[in-house]
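Here's the letter readout for the chains.
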Amino acid sequence: MNYMKRAKEEYTTAINGLEALHKYQAEHQSIKVIFMDVAMPVKDGITATKEIRQFEREASLPRVRIAVLTCFSSAEYQKNAFTAGADLFLIKPVRMKALKPILEMDPEVVVPR
């Protein structure tokens, strides 16, 4: 959040995956990227990502860029994230200046894995 403030980027936060899904459903027009933590209460980030992609398909919306963040570096977590619809898989800690290029990416461009 500090990086977003310094970069003068507008942002919203969610305390769990269910809240992240609901905020995206309500405000999708103004959201260009989602940084989704895998380990969130109520609804985990992988499930929330999957449900965001389902919402986009059902509403015929363009894809929002979803970057999944986790401290787990296993191939299984990465596979689950990409299967759910994540565009990027980032292992924490993430350097804040690494976020700038992600914010500037076109969500319609598929990132090679």
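Residues numbered from 1 in each chain as written. Predicted model: local features only at pLDDT ≥ 70, side-chain atom pairs only at ≥ 80, totals over all residues. Heavy atoms only, no water.

(A) Up close: the sheet that holds strand β1 (residues 33–37). Here we have 3 strands laid out as an open sheet, ordered β1-β2-β3, and parallel in their pairing. Of all the strands in the sheet, the pair left with one neighbour each is β1 and β3 (88–91). The mean inter-strand angle of the sheet, taken between neighbouring strand axes irrespective of direction, is 25°. By the bridge criterion, 4 bridges tie strand β2 (residues 65–70) to β3 in an arrangement that is parallel. Along β3, the bridge assignment pairs L69 with L90. Contacting β1 and β2, helix α3 (residues 45–58) runs over the sheet at an angle of about 150° to β1. (Pairing = 2+ DSSP bridges. Helix = DSSP H or I, 4+ residues; strand = E, 2+ residues; numbered from the N terminus. Axes fitted to C-alpha atoms, helices over the stretch in contact; angles between N-to-C directions. Contact = heavy atoms within 4.5 Å.)

(B) Region of interest: the confidence of the model for the chain. On average, residues of the chain score 84 in pLDDT, and 83% of them reach the 70 mark or higher. Averaged pLDDT values for the elements of the chain fall to 59 in helix α1 (residues 2–6) and rise to 96 in α3. (pLDDT = per-residue confidence, 0-100.)

(C) Structural context of the side chain of R53. Within the fold, R53 resides in helix α3. When its relative accessible area of 4% is taken as the criterion, R53 is described as buried. A distance of 2.9 Å separates the side chain of R53 from the side chain of E56, its partner in a polar contact. For R53, the residues in contact, after removing those within four places along its chain, are R63, V64, I66, A84, G85 and D87. (Buried < 20%, exposed > 50% of the residue type's maximum accessible area, 1.4 Å probe, protein only. Polar contact = N/O pair within 3.5 Å; in protein donor to acceptor, adjacent residues only side chain to side chain.)

(D) The nonpolar core, seen in detail. Counting 20 residues, the largest nonpolar core has Y24, I34, M36, I52, V64, I66 and V68 as the members making the most contacts within it. With 4 residues, α3 is the largest single contributor of residues to this core. Residues in contact with I66, not counting those within four places in the same chain, are I34, M36, T49, I52, R53, A86, D87 and L88. V33, A67, L69 and L99 belong to the second largest nonpolar core, which has 9 residues in total. (Core = buried A, V, L, I, M, F, W, Y, C linked by side-chain atoms within 4.5 Å.)

(E) Broad picture of the packing of α3 against helix α4 (residues 75–84). α4 packs onto α3 with a crossing angle of 20° between their chain directions and a minimal axis gap of 8 Å. What the angle tells us is that α3 and α4 run roughly parallel. When the axes of α3 and α4 are compared, the crossing they make is right-handed. When α3 is examined against α4, the residues I46, T49, K50 and R53 are found in contact with a partner set consisting of N80, A81 and A84. Its residues assigned to classes, the contact of α3 with α4 comprises 3 nonpolar, 2 polar and 2 charged. (Parallel < 35°, antiparallel > 145°, perpendicular 65-115°, else oblique. Left-handed = near helix turned anticlockwise from the far one by under 90°. Nonpolar A, V, L, I, M, F, W, Y, C, P; charged D, E, K, R; others polar.)

(F) Examining the pattern of salt bridges more closely. Inspection of the entire model under this criterion finds 7 salt bridges. Close ionic contact of D37 with K92 constitutes a salt bridge, the shortest N to O distance being 2.7 Å. Residue D37 is found in strand β1, and its partner K92 is found in the loop between β3 and α5 (99–104); the two are separated by 55 residues along the sequence. By relative accessible area, which is 22% here, D37 ends up partly exposed. Residues participating in the shared-partner salt-bridge network are R53, E56, R63, R65 and D87. (Salt bridge = Lys/Arg side-chain N within 4 Å of Asp/Glu carboxyl O.)

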